[in-house]
Each structure stands twice: as C-alpha cells, then as structure tokens.
Amino acid sequence: MFSLFDINHHLQKLTFKRIKQMCTHNQTDIDDNNLKVILRIIKDNPHAVIDEDYHPLLLVEISKETNLEVSKRFKPILENYIMHEIKE
C-alpha cells in the first residue's frame, strides 16, 4: 500500500537532471528556468502531492509560479511519476 506523503517524499528527492530526463523521455520541452521553479515547488511542498481522487495538487502551485501552459506540459510527467510510485 502506498502513502500519499511517501510519494511526496520521493518526489522531493528528484534532481534537476532527473526532471530534465523525464521531460526528454516524455518529449516535453520546458525551459530550464521553469524546471528550476518546478523543482523548487516540489522540494518545498510539505503536503501530499495528490488528493484522494489522484489529482496532482502540485500543478496548481506550478501554474501560479510559471504559467498554465507550463503546468499543462508538466502534468503528464508528474502523473506518470506518481503512477509509477503507486505501482511500486
């Protein structure tokens, strides 16, 4: 059984290099400045990363500090990562 807080903890261990690789793997282009903002938001997040309906809560914060388009491009990357963690 997985814990929503455990998933957040695993996310907080991500590095810039790993997020960049995830973007490349998903054929998503997000510039380095926005990726740095996303990484800071992930690392500073003390809460669960998804709600009970598996909606990625981080996307709201990401869209506030970058823009909606960056958030939309990052959403599948985040969802893929979360689903991978749930299956583990």
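This structure is a prediction, so every number in the text was calculated from the model and none was measured.

### A closer look at the overall build of the chain
So, point 1. Regarding its fold elements, the chain presents five helices and zero strands.
So, point 2. In the chain, the share of contacts with a sequence separation of at least 24, taken over all contacts with a separation of at least 6, comes to 63%.
So, point 3. Approximately 5,600 Å² of the chain is accessible, and the part contributed by carbon and sulfur atoms is 51%.

### Describing helix H3 (residues 32-43)
So, point 1. Across its twelve residues, H3 extends 16 Å between first and last C-alpha, which sits within 8% of the 16 Å expected from 1.5 Å per residue.
So, point 2. Within H3 the residues assigned to the buried category are Asn34, Leu35, Val37, Ile38, Leu39, Ile41 and Ile42.
So, point 3. Capping the start of H3 is the job of one residue whose side-chain oxygen sits 3.0 Å from the backbone nitrogen of Asn33: Asp31.

### With respect to the packing of helix H2 (residues 16-25) against H3
So, point 1. Close contact between H2 and H3 brings their axes to 10 Å; oriented N to C, the two are set at 120°. On the basis of the axis angle, H2 is oblique to H3. Pair H2 / H3 crosses with right-handed handedness. Contact residues: H2 offers Phe16, Ile19, Lys20 and Cys23, while H3 offers Asp32, Leu35, Lys36, Leu39 and Ile42.
So, point 2. Grouping the amino acids of the contact of H2 with H3 by side-chain chemistry returns six nonpolar, no polar and three charged.

What counts, and where the lines are drawn
Residues numbered from 1 in each chain as written. Predicted model: local features only at pLDDT ≥ 70, side-chain atom pairs only at ≥ 80, totals over all residues. Heavy atoms only, no water. Helix = DSSP H or I, 4+ residues; strand = E, 2+ residues; numbered from the N terminus. Contact = heavy atoms within 4.5 Å. Areas by Shrake-Rupley, 256 points an atom, 1.4 Å probe, with all protein chains shown as cover. Expected span 1.5 Å × (residues − 1). Buried < 20%, exposed > 50% of the residue type's maximum accessible area, 1.4 Å probe, protein only. Polar contact = N/O pair within 3.5 Å; in protein donor to acceptor, adjacent residues only side chain to side chain. Axes fitted to C-alpha atoms, helices over the stretch in contact; angles between N-to-C directions. Parallel < 35°, antiparallel > 145°, perpendicular 65-115°, else oblique. Left-handed = near helix turned anticlockwise from the far one by under 90°. Nonpolar A, V, L, I, M, F, W, Y, C, P; charged D, E, K, R; others polar.

Geometric descriptors of this kind do not, in isolation, establish any biological role.
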